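Residue-level structural notes
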Amino acid sequence: PIDVPHPPRQPAPRRPEDAYGRTKLAAEALLPEASRAGGMQYVILRSPLVYGPGVKANFLALMRVIEKGWPLPLARIRNRRSLIYVGNLADAIARCVEAPAAAGRTYCVSDGAPVSTPDLCRAIGVALGRPARLFAFPRALLELAPPFKKLTRSLEVDDSAIRDELGWRALFTFEEGIAKTAEWHLQLLGVRQRGSSW
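Think of each chain on its own: its residues are numbered from 1, step by step along the sequence as written. Per-residue local features are limited, in this predicted model, to residues with pLDDT of at least 70; the limit for side-chain atom pairs, both in listing and counting, is 80 or more; totals at the level of whole chains, interfaces and linings are taken over all residues. Neither water nor hydrogens contribute to the side-chain values; these are computed over all heavy atoms in the structure.

**Quick word on the overall build of the chain**
Secondary structure elements follow DSSP: runs of H or I of four or more residues count as helices, runs of E of two or more count as strands, with numbering from the N terminus. When helices and strands are tallied, the chain shows 8 helices and 4 strands. Scanning the chain from its N terminus toward the C terminus, one meets helices and strands in the order α-β-β-α-β-α-β-α-α-α-α-α. A 1.4 Å probe rolled over the protein chains alone gives each residue an accessible area, and that area as a share of the maximum for its type sets the label: buried under 20%, exposed over 50%, partly exposed in between. In the chain, which comprises 198 residues, the share counted as buried stands at 35%. Long-range contacts, defined here as pairs at least 24 residues apart, represent 84% of the contacts in the chain between residues at least 6 apart. Per element, the accessible surface of the chain, about 12,200 Å² overall, is 59% carbon and sulfur. Note on definitions: a residue-residue contact is assigned when non-hydrogen atoms from the two residues lie within 4.5 Å. Computed by Shrake-Rupley with a 1.4 Å probe, the accessible areas treat only the displayed protein chains as cover when residues are assessed.

Encoded structure:
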């Protein structure tokens with residue numbers, strides 16, 4: 001029998017739900033022609049939520065709520081969310097730059113196994129030294145509130161292609177990434193508290 005190599009795996013088609021996602025998808029579609037015209041090579045990396053020192057928006061807000069010890073109505077959420085620590089994303093970018101096989105490919109990247117929102121909250125709490133205070137609340141009612149809607153949904157990516165084809169592995173575990181992010185947050189909080197007392 002003839003050994004026919006399997007074609008490289010491609011990520012599942014994206015179905016963006018907002019203008020931001022549609023703009024990114026449109027930019028991806030323009031890259032092949034732009035790279036040919038410019039005599040360049042390209043690699044597309046699709047990342048889920050990126051966290052780490054300097055994180056902003058919803059992730060920072062979640063850390064602040066947990067650090068303050070405020071209760072969160074998330075105990076019943078059973079979702080699966082992929083995340084990536086900024087150090088892992090930077091390493092994946094470097095790997096793609098170094099690997100000729102990455103040219104023209106599209107890869108998803110993540111820390112590894114997805115986590116649920118309650119598990120994310122608990123991990124942040126442990127890293128901050130302030131256990132997350134979670135209580136049960138109907139998911140359907142939570143989704144009526146925009147700040148909580150994203151926390152109830154699943155967003156899982158398959159990063160097996162970059163791992164199998166380029167041999168890439170996350171440098172930092174999820175727990176290590178959360179710990180480094182929490183350390184930055186606590187240092188920042190300490191600076192602000194000292195500043196307010198001057």
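Don't stop here, the text continues.
**Digging into the nonpolar core**
We define a nonpolar core as any set of buried Ala, Val, Leu, Ile, Met, Phe, Trp, Tyr and Cys residues linked to one another through side-chain atoms lying within 4.5 Å. If you look at the biggest cluster of nonpolar residues, it comprises 25 residues, and the most contacted ones within it are Tyr-51, Phe-59, Leu-120, Ile-124, Phe-174 and Ile-178. Listing elements by their share of this core, those giving two or more residues are helix H2 (57–68), strand E3 (83–85), helix H4 (117–128) and helix H8 (174–197). Examining the composition of this core, we find that 6 residues originate from one element, H2, more than from any other. Excluding its chain neighbours within four sequence positions, the residues that come into contact with Leu-120 are Phe-59, Leu-62, Leu-83, Val-115, Phe-174 and Ile-178. Formed by 12 residues, the second largest nonpolar core is a distinct cluster that contains Leu-89, Tyr-107, Ala-161 and Leu-166.

**Points about the pattern of salt bridges**
Within this document, salt bridges are pairs made up of a side-chain nitrogen of Lys or Arg and a carboxyl oxygen of Asp or Glu, the two lying within 4 Å of each other. Scanning the model with the defined rule gives 8 salt bridges in all. Each of Arg-139, Glu-143 and Arg-153 takes part in one network of salt bridges that share partners.

**Digging into H2**
The span expected for a helix works out to 1.5 Å for each residue beyond the first. Counted at 1.5 Å a residue, the expected span for H2 with its 12 residues is 16 Å, and the 17 Å between its end C-alpha atoms agrees. Gly-69 occupies a position one or two residues after H2 and carries a positive phi of about 80 degrees.

**Some thoughts on empty space enclosed by the protein**
Rolled over the atoms, a probe sized like a water molecule indicates the empty space that remains. Grid points spaced at 1 Å and placed over the protein atoms alone form the basis of the search, with a cavity being a set where a 1.4 Å probe fits but cannot get out and a pocket an open set showing protein on both sides within 12 Å along at least five of seven lines. Lining residues have an atom within 4 Å of a point. Grid points are joined across faces, edges and corners, and a volume is the space filled by probe spheres set on the points. Taken as a whole and judged by the stated rule, the model has 1 cavity of 30 Å³ or more. In this structure, the largest cavity spans a volume of roughly 30 Å³. Lining the largest cavity are Arg-81, Ser-82, Leu-83, Asp-111, Ala-113, Pro-114, Val-115 and Phe-174. Of the residues contributing to the lining of the largest cavity, the split by class is 5 nonpolar, 1 polar and 2 charged. Following the grouping adopted for this structure description, the nonpolar residues are Ala, Val, Leu, Ile, Met, Phe, Trp, Tyr, Cys and Pro, the charged ones are Asp, Glu, Lys and Arg, and the polar ones are all others, Gly among them.

**Comments concerning the side chain of Ser-110**
Inspection of the secondary structure assignment puts Ser-110 in the loop between strand E4 (106–108) and H4. Pairs of N or O atoms are called polar contacts if they sit within 3.5 Å, as long as, within protein, a hydrogen donor faces a hydrogen acceptor (for residues adjacent in sequence, only side-chain-to-side-chain pairs). In this structure the side chain of Ser-110 is engaged in a polar contact, spanning 2.9 Å, whose partner is the side chain of Asp-159. Every residue in contact with Ser-110, bar those within four places of it in the chain, is listed here: Pro-48, Ser-82, Leu-83, Ile-84, Val-157, Asp-159, Arg-163 and Trp-168.

**Comments concerning the packing of aromatic side chains**
Centre distance within 6.5 Å is the pairing criterion for rings of Phe, Tyr and Trp, where only the six-membered ring of Trp is used; planes under 30 degrees apart are then read as stacked, over 60 as edge-to-face, and the remainder as tilted. Enumeration over the complete set of coordinates arrives at 3 aromatic pairs. Here the aromatic rings of Tyr-85 and Phe-172 are separated by 5.2 Å at their centres, their planes lie at 75 degrees, and the arrangement is edge-to-face. Residue Tyr-85 is located in strand E3, and its partner Phe-172 is located in the loop between helix H7 (160–166) and H8; the two are separated by 87 residues in the primary sequence. The partly exposed category is assigned to Phe-172, whose relative accessible area is 24%.

**Quick word on the packing of H2 against H4**
Here, axes are lines fitted to C-alpha atoms. For helices the fit covers the stretch in contact, and angles between N-to-C directions go from 0 to 180 degrees. Viewed as axis vectors pointing N to C, H2 and H4 meet at an angle of 60 degrees, and their least axial separation amounts to 10 Å. Relative to H4, H2 is oriented oblique. Considering the relative orientation of H2 and H4, their crossing is right-handed. Contacts between H2 and H4 pair Phe-59, Leu-62, Met-63, Ile-66 and Glu-67 from the former with Leu-120, Cys-121, Ile-124, Gly-125 and Leu-128 from the latter. Note on terminology: angles under 35 degrees are roughly parallel, angles over 145 are roughly antiparallel, angles of 65 to 115 are roughly perpendicular, and the others are oblique. When the near helix sits turned anticlockwise from the far one by under a right angle, the crossing is termed left-handed; a clockwise turn instead gives a right-handed crossing.

Geometry only, nothing functional implied.
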